[in-house]
Amino acid sequence: MNEEAIWLKLTEIFRDVFDDDDIEIKPETTAEDIYEWDSLSNIQLLVAIEKAFDGVKFNTGEVANLKNVGEMVAAIRQRTG
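Just so we're clear, the structure is a prediction, and the values are computed from it rather than from any experiment. (Residues numbered from 1 in each chain as written. Predicted model: local features only at pLDDT ≥ 70, side-chain atom pairs only at ≥ 80, totals over all residues. Heavy atoms only, no water.)

Q: What's the story with the overall build of the protein in this structure? I'm lost.
A: For the protein, the helix and strand inventory stands at four helices and zero strands. Ordered by position in the sequence, the α and β elements of the protein form the string α-α-α-α. Relative to the 2.2 N^0.38 estimate, which gives 12 Å for 81 residues, the radius of gyration of the protein is 12 Å and therefore close to what a compact globule would have. Dimensions of the protein along its principal axes, counting C-alpha atoms only, are 30 × 25 × 20 Å. (Helix = DSSP H or I, 4+ residues; strand = E, 2+ residues; numbered from the N terminus. Rg over C-alpha atoms; globule rule 2.2 N^0.38 Å.)

Q: What am I meant to see in the side chain of Thr-29 here?
A: Counting through the fold element by element, Thr-29 comes out in the loop between helix H1 (3-17) and helix H2 (39-52). At a separation of 2.8 Å, a polar atom in the side chain of Thr-29 contacts the main-chain amide nitrogen of Lys-26. Ignoring sequence-local partners within four residues, the contact set of Thr-29 consists of Glu-24, Ile-34, Trp-37, Asn-68 and Val-69. (Polar contact = N/O pair within 3.5 Å; in protein donor to acceptor, adjacent residues only side chain to side chain. Contact = heavy atoms within 4.5 Å.)

Q: Would you mind showing me how to read the layout of surface pockets here?
A: Over the atoms rolls a probe the size of a water molecule, and in doing so it shows where empty space is left. Of the voids in this model, the largest pocket is the one considered here, and its volume is about 180 Å³. Thr-29, Thr-30, Ala-31, Trp-37, Asn-42, Leu-46, Val-63, Leu-66, Lys-67, Asn-68, Val-69 and Met-72 are the residues that line the largest pocket. (1 Å grid on protein atoms, 1.4 Å probe; cavity = no way out; pocket = protein on both sides within 12 Å on 5 of 7 lines; lining within 4 Å. Points joined across faces, edges and corners; volume = space filled by probe spheres on them.)

Q: Any chance you could explain the environment of Val-63 here in plain terms?
A: With respect to the helices and strands, Val-63 occurs in helix H3 (residues 60-65). Classification of Val-63 by relative accessible area gives partly exposed; the value is 21%. C-alpha of Val-63 to C-alpha of Ala-75: the two residues are twelve residues apart in sequence and 10.0 Å apart in space. Once residues lying within four places of it in the same chain are set aside, the contact partners of Val-63 are Asn-42, Leu-46 and Phe-58. (Buried < 20%, exposed > 50% of the residue type's maximum accessible area, 1.4 Å probe, protein only.)

Q: Any chance you could explain H1 here in plain terms?
A: Think of an α-helix as 3.6 residues a turn; residues three or four steps apart then line up on the same face. With 15 residues, H1 extends 21 Å from end C-alpha to end C-alpha; this agrees with the ideal 21 Å at 1.5 Å per step. For H1, the complete set of buried residues consists of Ile-6, Trp-7, Leu-10, Thr-11, Ile-13 and Phe-14. Along the axis of H1, the buried residues cluster in a sector spanning 165°; they form a single face. Facing away from the buried surface of H1 by more than 90 degrees, the exposed residues are Glu-4, Leu-8, Glu-12 and Asp-16. Two to three positions downstream of the cap, the backbone nitrogen of Glu-4 sits 3.1 Å from a side-chain oxygen, assigning the N-cap of H1 to Asn-2. Two residues or fewer after H1 comes Asp-19, characterised by a positive phi angle close to 50°. (Expected span 1.5 Å × (residues − 1). Arc of directions from axis to C-beta.)

Q: Which parts of the structure should I look at to understand the environment of Glu-28?
A: Relative to the elements of secondary structure, Glu-28 occurs in the loop between H1 and H2. Between the alpha carbons of Glu-28 and Thr-80 there is a distance of 21 Å; along the sequence they are 52 residues apart.

Right, dumping it as structure tokens:
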């Protein structure tokens, strides 16, 4: 899956999880940039990502080390080839 397709799908997921059609994500976007992004919504977000992208599974250590959405995209791209 190419990076553009990942960004498009991730944007849809973020908009759905946070119930906000105006959310725009960028590589540098973090939880601090989205008011509703707390620990519960983080779990919901990761579950939605794992369902949307075949073959993508995150472990706790990986999630803790992701600094921003750009790193999340890189991790997804690595797993989706």
